[in-house]
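Read off the chains here:
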Amino acid sequence: HWTSGRTYQAMAAVAKARGRPAEAESLAVQSLTIKRIAYGPKSADVAQQLINVALMIEARGDTARAIPVVRESLGLLTAFRPPTDGNVVLTRRILAIELCATGAFAEGDSVIRTAIASAPLDTTQFAPYRVRAAHGYCLMRERKFAEAEPLLLEAESRFRAMGSPPAKRYGAQTIGW
């Protein structure tokens, strides 16, 4: 039943918070299995749970292993949602951050630029600035500080003007920036 999938994801979040990332990943994968059965293998719920699994893998310090999971989620989302959909844009953001963290700067830059093109600036929304901040992060990782600084300063300025951005929730997981 679908509620079992949610329960396993909640248990995964607890295990992660208690410093048991291997158990958290196992529980997130169990939740994914249940959601694939309950909602079908190509549903938005499965795409979201794939992000949760990737975050649990990341919690174990294995960014490279998380990347294919994020790609799978993005593949599901882009099959039935437009490029401007918030979930698509923010999943691209996660993928770009993961790629840049592993040194795949060119691909990360390409992914984040696609996300930026799909998230036009709107001074009332946090998401476009989160995407631009992620671009700044990728440039920073690539040691392109002069290019990164204006993006990061713009995002920080906008976040302050709008008040503290709410943490983005991915199932039971929260991403702060």
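All values reported here derive from a predicted model rather than from experimental measurement.

**Overview of the overall build of the chain**
Looking only at helices and strands, the chain has 8 helices and 2 strands in total. Whereas a compact globule of 177 residues would reach a radius of gyration of roughly 16 Å, the chain reaches 16 Å, a difference of no more than 12%. Along the first, second and third principal axes, the C-alpha set of the chain runs to 50 × 35 × 30 Å. Within the chain, the fraction of its 177 residues that count as buried is 44%. For the chain, the accessible surface area stands at approximately 8,700 Å², while carbon and sulfur atoms represent 55% of it. Seen as two clouds, the 23 positive and the 16 negative side-chain charges of the chain have centres 5 Å apart.

**So, the nonpolar core**
Of all hydrophobic cores here, the largest spans 40 residues; its most connected members are Leu50, Val53, Val69, Val70, Leu95, Ile112 and Val131. Mapped onto this core, the elements with two or more residues apiece are helix 1 (2-17), helix 2 (21-39), helix 3 (44-59), helix 4 (63-80), helix 5 (86-101), helix 6 (105-118) and helix 7 (127-141). Aside from chain neighbours lying at most four places away, what touches valine 69 is Leu50, Val53, Ala54 and Ile57. Ranked by size, the runner-up nonpolar core spans 5 residues in total, among them Tyr129, Ala133, Ala155 and Phe159.

**Observations concerning the environment of glutamate 149**
Structurally, glutamate 149 can be placed in helix 8 (residues 145-162). For the pair formed by glutamate 149 and tyrosine 137, sequence separation is 12 residues and the distance between their alpha carbons is 9.3 Å.

**Some remarks on the side chain of threonine 91**
Along the chain, threonine 91 falls in helix 5. Apart from residues no more than four positions distant in its own chain, threonine 91 is found in contact with Ile51, Val70, Ser73, Leu74 and Leu77.

**So, the state of the cysteines**
Inspection of the entire model under this criterion finds 1 disulfide. One disulfide bridge connects cysteine 100 with cysteine 138, the sulfur atoms lying 2.2 Å from each other. With the S-S dihedral at roughly 105°, the linkage between cysteine 100 and cysteine 138 falls on the right-handed side. Here the residue cysteine 100 occupies a position in helix 5, and cysteine 138 occupies one in helix 7, the gap between them amounting to 38 residues. Assigned by exposure class, cysteine 100 and cysteine 138 land together as buried.

**A closer look at the environment of methionine 162**
With respect to the element layout, methionine 162 can be found in helix 8. Overall, the relative accessible area of 24% leaves methionine 162 in the partly exposed class. Sequence separation of methionine 162 and threonine 124 is 38 residues, and the distance between their C-alpha atoms is 7.3 Å.

**What to know about the packing of aromatic side chains**
Summed over all chains, the structure comprises 1 aromatic pair. Where phenylalanine 126 meets phenylalanine 159, the ring centres are 5.9 Å apart and the plane angle is 40°; that geometry is what we call tilted. One end of the pair, phenylalanine 126, is in the loop between helix 6 and helix 7; the other, phenylalanine 159, is in helix 8, with 33 residues separating them in the sequence. Among the residues examined, phenylalanine 126 registers a relative accessible area of 17% and is labelled buried.

**So, the pattern of salt bridges**
The final tally for this structure, using the stated rule, is 10 salt bridges. Three or more residues joined by partner-sharing salt bridges are found here, namely Glu25, Arg60, Asp62 and Arg65.

Definitions and cut-offs
- Residues numbered from 1 in each chain as written.
- Predicted model: local features only at pLDDT ≥ 70, side-chain atom pairs only at ≥ 80, totals over all residues.
- Heavy atoms only, no water.
- Helix = DSSP H or I, 4+ residues; strand = E, 2+ residues; numbered from the N terminus.
- Rg over C-alpha atoms; globule rule 2.2 N^0.38 Å.
- Buried < 20%, exposed > 50% of the residue type's maximum accessible area, 1.4 Å probe, protein only.
- Areas by Shrake-Rupley, 256 points an atom, 1.4 Å probe, with all protein chains shown as cover.
- Lys, Arg positive; Asp, Glu negative; His and termini not counted.
- Charge placed at Lys NZ, Arg CZ, Asp CG, Glu CD.
- Core = buried A, V, L, I, M, F, W, Y, C linked by side-chain atoms within 4.5 Å.
- Contact = heavy atoms within 4.5 Å.
- Disulfide = S-S within 2.5 Å.
- Phe/Tyr/Trp six-rings, centres within 6.5 Å; stacked < 30°, edge-to-face > 60°.
- Salt bridge = Lys/Arg side-chain N within 4 Å of Asp/Glu carboxyl O.

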